[in-house]
Amino acid sequence: MRQGYLATFGVITRIAFRNLFASRLKTIIVGGIILFGALLVVVGSSFVDSIVAGMRRSIVGSVAGDIQVYSSKSKDPLDVMGSFSLEGADLAPLDDFTKVRKTLESVPGVKSVVPMGVNGAIVPSGNTIDLALAHLRELVRRKIDGKASAADLAAYEAEKGHVRQILSVLQGDMGNAKLLKDEKALADPDADADAEAVARAVSPQFWASFDAKPLDSLEFLENRIAPQATDADMLFLRYVGTDPAMFTKSFDRMKIVDGQNIPEGKRGFLFSKFVYEEQVKLKTARRLDKIRIARDERGERIAKDSELQRFVRENSTQVREIILQLDTPKTNLFRQRLQAKLGSSEPDVAKLLAELFKTTDANFDDRYKFFYTQLAPSLELYRIRIGDILTIKAFTRSGYVQSVNVPVYGTFDFTGLEKSPQAGALNLMDMVSFRDLYGFLTAERSKEISDLKAAMNARDISRDNAEAELFGSRPEPDQAAAAKPTPPAPRTIVAEATPGIRPPTSEGVGGKLAREELVRRVYDPSQLESGSVLNAAVILQDDRKVPETIKAIEEAGKRDGLPLKAISWQEASGFIGQLVVAFQAVLLVLVLIIFLVALVIISNALVMATLQRVQEIGTLRAVGAQRRFILSMLIIEAVVVGVIFGGLGAALGAVVVAALGKVGIPAPNDVSYFFFSGPRLHVTLATANLVKALAIVFVVSGVSSLYPAWLAMRVNPRQAMQSEES
Amino acid sequence: MNTIVSVKNATKNYLLGKVVVPALRGVSLDVAEGEFLSIAGPSGSGKTTLLNLIGCVDTPTDGTVEVAGKNTRQLSERALTELRLNTIGFIFQSFNLVSVLSVFQNVELPLLLQRKLSGGERRKRVLELLERVGLSGHVEHRPSELSGGQRQRVAIARALVTRPQLVLADEPTANLDSVTGKNILDLMKELNRTERTTFIFSTHDAQVMSHASSVIRLADGKLLDRLTGADAIAAGVVRPSHTAGMA
């Protein structure tokens, strides 16, 4: 009997196989769909998995670590990457980092713990004319005091030229503005007075008398002209306060690009190389860089790419930023070099520059080289230089204005993520300066304040009735803000950069730093360890153990009486972390749609095939085949097709993935560097994806054969008799 | 002689939409073992319906059909299938071979469904029968490589391979030329004689009827008469000529 079963199975299989071969077209259509589906599942899920892994490497390796820990008393969830607004998440500080570290390090599997805090500051770029006038005043004073050297006298003449240059740019701007404004604006008496003042400042008579009464002239310029000059772009800096040495050690993809790391025990600031290039660099130079990269690395052409055309247009229309930097000797130098280069006799440097930047694919490389070798050395390419001191002012959480001087030590980036705006969004600051700016109250400072309050007979005033309490009447809103004893989230931080647009001094970074009051910028390493932090990155020995470790950390927190909340890198990276889920969801939906379509097509093909085989099925039934025989036959057919073509598709998918893994998919734009965790995505194949593909194919081919099989089972043996006559 | 088929007052109605179409209106018939019975009648007279009832592929609306002593109306679908498998062999007008199987596999199929014989026994039985029907040289051929007559021989071998008590043939020669048809009929007749297998076949072909031991005539779903083969010829019902489609 057993042998009978086997033989029956044999004959079913044989009929099934023969049928598949006999109806080749159907088999190829159905098999083709299954093959494509399996291929898609393998390649698609490997691709998405690799992107997820890439994003994970990027996020984990650039700032988040495997796990982020913060206070469970915080009002908002932690988001170390996503937020680009001024307002950070409202986090409660973890008071004593030494304790936190001790607790975290007691959890098995924790490799290292990095203290952190993320915040932002605005750097209004210095008003160019203010800086130039300040410099000129300094030179005038030396001249009056009779201390001016020959070099100073030359600098004096040059700076006068610089100021005149700025004034003529300003006048040009006002002329342009006039064209845009309607008559009503022209009727504004202030506008007329302003224009008159500028006209006077540009006039040759004004400058002819400048040497005679320099201080009066300067005062006129400072009071009447400087306020009219508009500022260059403001700079918004997001920074992470941390222990620089620990950060560098724990995030091993981090590397210093320019300058040096913040030395241990020193206050300091490191720019992200991306921010430094993208926001601090002279815009014209940055656009030239971008055109070069697009041409050299991505093979794009100005003639064909609208973005590159826009860069060219902007470079030739926005030469103001360069003109403002030119004093008399530089203006002459530029005129001479540009005229020679362009073979032009045009005296206006602005027009010459505009002409230079009208680049085409034919002359771009040549003019790029010319700009960097002939012009750039006379220009300040970066608004803030390595070695400058950034004075960052902040309204702290406890309400007073705090300012901290931090030297810019250098720039850094993360290997493989050099071009990623996401990985490059955060700059770095030492933890002690961060704490000062954020306004954590140390125990001593807290006591000091309460002592002061007691001495001054101050009392606590609630925010709601502060106005009434303090002034007895409803004051203007900004007064109220100033009077707030405990503002809710005053984290809009105003920072000021030190003059960026100054001729470079001959001093190196070390010399310049040595001049600063060292006391302010040196701290005891234990100070860094013992103070408050907002959050901490935890790096694991085994990155697969994130969920267990999160649990263990929160338990350890409870045990040690610390309000610790631990979240995974994915949660901590906010919006970007959610992208991972979004990618997976999109793929899932895509796969579902494809397989739904496949299901319908396959089912249809099988129904057609069944209808064509009614007589054969009827015959089998008449001859004595039970319904289950017919059912098995059809299911085996479907499964055989599924296994053969699904297997083939999966194998093909594996080959494609292997090829993609070897060659790598090049990142199409800067944003994808982050997702790819480098310039190329090397897709890897997981066995799980193969299994998944085969399982899906199995289910789909099985399910799609259900209806046709049901139809076939209902074929009546009588239908075998149906022929031309009955 | 034992009765293998006993039809008593069988009626069969088909539903065509909402219209009830009576295909058989009270037919009674006994078939003894070893008969070579022809069912004659014009198209629509109920020949195929009667064969379906006897072949257990259908059950009567009213009346009874007993095959090998079993009342088909009382049997489940499965039991009817079992009965067909073990008791009845089928020969179809258009041969109905499984096109994807070889001659050997087609003949072997019912034995596989029966699951009674070992591989060796099956092989022996199949080859024996193929020899009987004269197709020893075509064992591995596909049906599409055979002529119509050869295909019908394969079908006969398939019908007989389980050694059924009863073989039903629905217009077995209709798709064949007269010479081939006669050969097929001769083969059936010979098997009827040597194996004592009962044959019931429907036909319009008077020539075919002349081979029958008895002929029953149907018209409008009713049994007209039952004649022996010799009587039929004598009565002029069956003319020894080859004219299809006569009443």
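Colleague: I would appreciate a short explanation of the overall build of chain A in the present structure.
Modeller: Across its full length, chain A carries 32 helices and 14 strands. Taking the contacts inside chain A whose residues are at least 6 apart along the sequence as the reference set, 81% of them involve residues at least 24 apart.

Colleague: What is the right way to look at the overall build of chain B in this model?
Modeller: A tally of regular secondary structure across chain B gives eight helices and 10 strands. Intrachain contacts of chain B at a sequence separation of at least 6 include 68% that bridge at least 24 residues.

Colleague: Looking at this structure, how should I read helix H25 (residues 546-559) of chain A?
Modeller: Think of an α-helix as 3.6 residues a turn; residues three or four steps apart then line up on the same face. All names here are of chain A. Its 14 residues give H25 an end-to-end C-alpha distance of 20 Å, which sits within 8% of 20 Å, the value for a rise of 1.5 Å per residue. Buried residues along H25 sit in contact with strand S1 (67-71), helix H3 (97-106), strand S2 (110-116), strand S11 (535-540) and strand S12 (564-568). Once H25 finishes, Gly 561 follows within two positions and takes phi at roughly 70°, a positive value.

Colleague: When you look at the packing of helix H2 (residues 24-64) of chain A against helix H27 (residues 574-612) of chain A in this model, what are you seeing that I'm missing?
Modeller: Residue and element names in this part refer to chain A. Where H2 meets H27, the axes come as close as 10 Å, and the angle between the chain directions of the two elements is 175°. Judged by the angle between their axes, H2 and H27 are roughly antiparallel. Its residues placed into classes, the contact of H2 with H27 shows 24 nonpolar, five polar and one charged.

Colleague: Looking at this structure, how should I read the interface of chain B and chain A?
Modeller: Buried accessible area, meaning the area lost when the parts come together, often serves as the stated size of an interface. Each partner contributes to the interface: chain B provides 28 residues, whereas chain A provides 26 residues. Put simply, the parts of the chain that give the side of chain B that touches chain A at least two residues each are helix H1 (47-54), helix H2 (77-87) and helix H3 (103-114) of chain B. Here the residues of the side of chain B that touches chain A sort into 12 nonpolar, 10 polar and six charged.

Colleague: Before we go on, may I ask you to explain the sheet that holds strand S3 (residues 36-40) of chain B in this structure?
Modeller: Sheet strands line up and pair through hydrogen bonds in the backbone, either parallel or antiparallel. All names here are of chain B. Strand order in the open sheet formed by six strands is S6-S7-S8-S3-S9-S10, and the pairing between neighbours is mixed. Both outer strands of the open sheet, strand S6 (88-91) and strand S10 (222-228), are each paired with one neighbouring strand and no more. Each adjacent strand pair in this sheet contributes to an overall mean axis angle of 20°, direction not counted.

Colleague: What exactly am I supposed to notice about the pairing of strand S8 (residues 198-203) of chain B here?
Modeller: Each regular strand displays side chains that alternate between the two surfaces of the sheet. All names here are of chain B. For S8, the buried fraction is high: six of the six residues fall into the buried class. By the bridge criterion, five bridges tie S3 to S8 in an arrangement that is parallel. Looking at the pairing, Leu 37 lines up with Ile 200 of S8. Across five bridges, the pairing between strand S7 (residues 166-170) and S8 is parallel. Bridging from a neighbouring strand, Asp 170 pairs with Ser 202 of S8.

Colleague: Teacher, can you tell me more about the sheet that holds strand S1 (residues 3-16) of chain B here?
Modeller: All names here are of chain B. With respect to topology, four strands assemble into an open sheet ordered S2-S1-S4-S5, the strand pairing being antiparallel. Taken across any chain shown, the strands that pair with only one partner, and hence form the sheet edges, are strand S2 (19-32) and strand S5 (70-71). Judged from the five bridges that link them, S1 and strand S4 (residues 62-67) form a sheet pairing that is antiparallel. Within S4, the position partnered with Lys 8 by the bridge is Thr 64. Sheet strands touched by H1: S1, S2 and S4. Its angle to S1, the strand with the most contacts, is close to 125°.

Colleague: I tried to follow the environment of Phe 575 of chain A on my own but got confused; where do I start?
Modeller: All names here are of chain A. Assignment of secondary structure puts Phe 575 in helix H27. Residue classification places Phe 575 among the partly exposed positions, given that 13 C-beta atoms sit within 10 Å. For the pair Phe 575 and Asp 79, spaced 496 residues apart in the sequence, the C-alpha separation amounts to 8.3 Å.

Colleague: Would you mind showing me how to read the nonpolar core here?
Modeller: For soluble globular proteins, the rule of thumb is that nonpolar side chains tend to be buried together. Residues Ala 536 and Val 538 of chain A together with Ile 200 of chain B are the most contacted members of the largest nonpolar core, which totals 208 residues. Looking at which element gives the most residues to this core, the answer is H2 of chain A, with 18 residues. Counting residues domain by domain, this core receives three or more from each of domain 1 (2-57 + 577-719) and domain 2 (63-116 + 526-568) of chain A. Not counting residues within four places of it along the chain, the set of residues in contact with Ala 536 of chain A comprises Val 69, Val 100, Leu 104, Val 113, Val 114, Pro 115 and Met 116 of chain A. Listed in part, the 18 residues of the second largest apolar core include Ile 129, Leu 136, Ala 158 and Val 169 of chain A.

Colleague: Is there a simple way to explain the pairing of S1 of chain B in this structure?
Modeller: Residue and element names in this part refer to chain B. As judged from the 11 bridges shared by S1 and S2, these two strands associate in the antiparallel manner. Within S2, the residue paired with Thr 3 across the bridge is Ala 32. The turn joining S1 and S2, which pair antiparallel and follow one another in sequence, is formed by two residues; a positive phi near 70° is taken by Gly 17.

Colleague: Looking at this structure, how should I read the confidence of the model for chain B?
Modeller: If pLDDT is low for a region, its predicted coordinates should not be looked at in detail. Residues and elements named next belong to chain B. Across chain B, pLDDT averages 87, with 93% of residues at or above 70. Counted against residues more than four places away or in other chains, residues 241-247, with its pLDDT under 50, gives 12 contacts. Here the complex is predicted with pTM 0.64, and the ipTM for its interfaces comes to 0.89.

Colleague: Looking at this model, I keep getting lost on the environment of Gln 541 of chain A. Mind explaining?
Modeller: All names here are of chain A. Structurally, Gln 541 is set in the loop between S11 and H25. With 12 C-beta atoms counted inside 10 Å, the residue Gln 541 sits in the exposed group. Separated by 432 residues in the primary sequence, Gln 541 and Gly 109 place their C-alpha atoms 5.4 Å from one another. Not counting residues within four places of it along the chain, the set of residues in contact with Gln 541 comprises Gly 109 and Lys 111.

Colleague: I tried to follow unusual backbone geometry on my own but got confused; where do I start?
Modeller: Trans peptide bonds make up the majority, and among non-glycine residues the majority have a negative phi. Residue and element names in this part refer to chain B. Of note, the phi angle at Cys 56 is positive, near 60°, even though the residue is not glycine. Mapped onto the elements of the fold, Cys 56 is located in the loop between H1 and S4. Not every positive phi belongs to a glycine, and Phe 95 is a case in point at roughly 65°. Of note, Phe 95 is situated in the loop between S6 and H3. Exposure remark for Phe 95: the 25 C-beta atoms within 10 Å place this residue in the buried category.

Colleague: Got a minute to help me understand the confidence of the model for chain A in this structure?
Modeller: Residue and element names in this part refer to chain A. Counting all residues, the mean pLDDT for chain A is 78, and 80% of those residues have values of 70 or more. When the elements of chain A are averaged for pLDDT, helix H22 (residues 509-515) gives the smallest value, 36, and strand S6 (residues 269-272) the largest, 92. Contacts of residues 466-521 to residues separated by more than four positions or lying in other chains number 92 contacts, the stretch itself having pLDDT below 50.

Colleague: Help me understand the environment of Ile 576 of chain A in this model?
Modeller: On the secondary structure map, Ile 576 of chain A appears in helix H27. Along the primary structure Ile 576 of chain A and Met 55 of chain A are separated by 521 residues, whereas in three dimensions their C-alpha atoms are 8.6 Å apart.

About the thresholds
Residues numbered from 1 in each chain as written. Chains lettered and ligands numbered in written order. Predicted model: local features only at pLDDT ≥ 70, side-chain atom pairs only at ≥ 80, totals over all residues. Helix = DSSP H or I, 4+ residues; strand = E, 2+ residues; numbered from the N terminus. Contact = placed C-beta atoms within 7 Å. Expected span 1.5 Å × (residues − 1). Axes fitted to C-alpha atoms, helices over the stretch in contact; angles between N-to-C directions. Parallel < 35°, antiparallel > 145°, perpendicular 65-115°, else oblique. Nonpolar A, V, L, I, M, F, W, Y, C, P; charged D, E, K, R; others polar. Pairing = 2+ DSSP bridges. Buried ≥ 20, exposed ≤ 12 C-beta atoms within 10 Å, placed from the backbone. Core = buried A, V, L, I, M, F, W, Y, C linked by C-beta atoms within 7 Å. Domains from an automatic or database assignment. pLDDT = per-residue confidence, 0-100.

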